[in-house]
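For reference, the chains in residue letters:
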Amino acid sequence: MTRNFVTLSLGRLYEKQGYIDDALEIYREIDTSQSPDATHVLDAISRLEAQKEIADSKKNVKEPEQDGLMPDQVQVSTKEARMAHLLEVWLRLIVMQKRVDIFKSFKARL
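The text that follows walks through the structure, step by step, so that each part is easy to find.

The rules behind each value
Residues numbered from 1 in each chain as written. Predicted model: local features only at pLDDT ≥ 70, side-chain atom pairs only at ≥ 80, totals over all residues. Heavy atoms only, no water. Axes fitted to C-alpha atoms, helices over the stretch in contact; angles between N-to-C directions. Helix = DSSP H or I, 4+ residues; strand = E, 2+ residues; numbered from the N terminus. Parallel < 35°, antiparallel > 145°, perpendicular 65-115°, else oblique. Left-handed = near helix turned anticlockwise from the far one by under 90°. Contact = heavy atoms within 4.5 Å. Salt bridge = Lys/Arg side-chain N within 4 Å of Asp/Glu carboxyl O.

Focus: the packing of helix 1 (residues 8-17) against helix 2 (residues 20-29)
- Look at helix 1 against helix 2: their axes get within 8 Å of each other, and the N-to-C directions meet at 165°. In terms of their interaxial angle, helix 1 and helix 2 are classed as roughly antiparallel. As helix 1 packs across helix 2, the resulting crossing turns out to be left-handed. Mapping the contact onto sequence places Leu8, Leu10, Gly11, Arg12, Tyr14 and Glu15 in helix 1 and Asp22, Ala23, Ile26 and Tyr27 in helix 2.

If you want it as structure tokens, here you go:
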């Protein structure tokens, strides 16, 4: 990282955009002994390090087996969201069953 561009604003921008490692690198490069924003920088470093530890611990947790009906990206957090997801899966199964029935009727005509 070029020393000329190491500023608190750039660190905050990286943090807002989700670039945690880059934001940490920026914050660590800021000289806190001469910066008037030293407390903000030190708070940001500790906050981002905690976020990074939480993210790393989540990566180490083994995910439950997928049944093929729940996509990997689906994160169901509330009862309503879980119910909506289950209804979507149910609807997909009904559509697939209808397609199978149509295929069977075509096959029977041949």
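There is more to say after this.
Topic: the pattern of salt bridges
- Scanning all chains against the criterion turns up 3 salt bridges.
- Between lysine 52 and aspartate 21 there is a salt bridge whose closest N-O contact spans 2.8 Å. Highlighted residues: lysine 52 in helix 3 (residues 38-60) and aspartate 21 in helix 2, separated in sequence by 31 residues.

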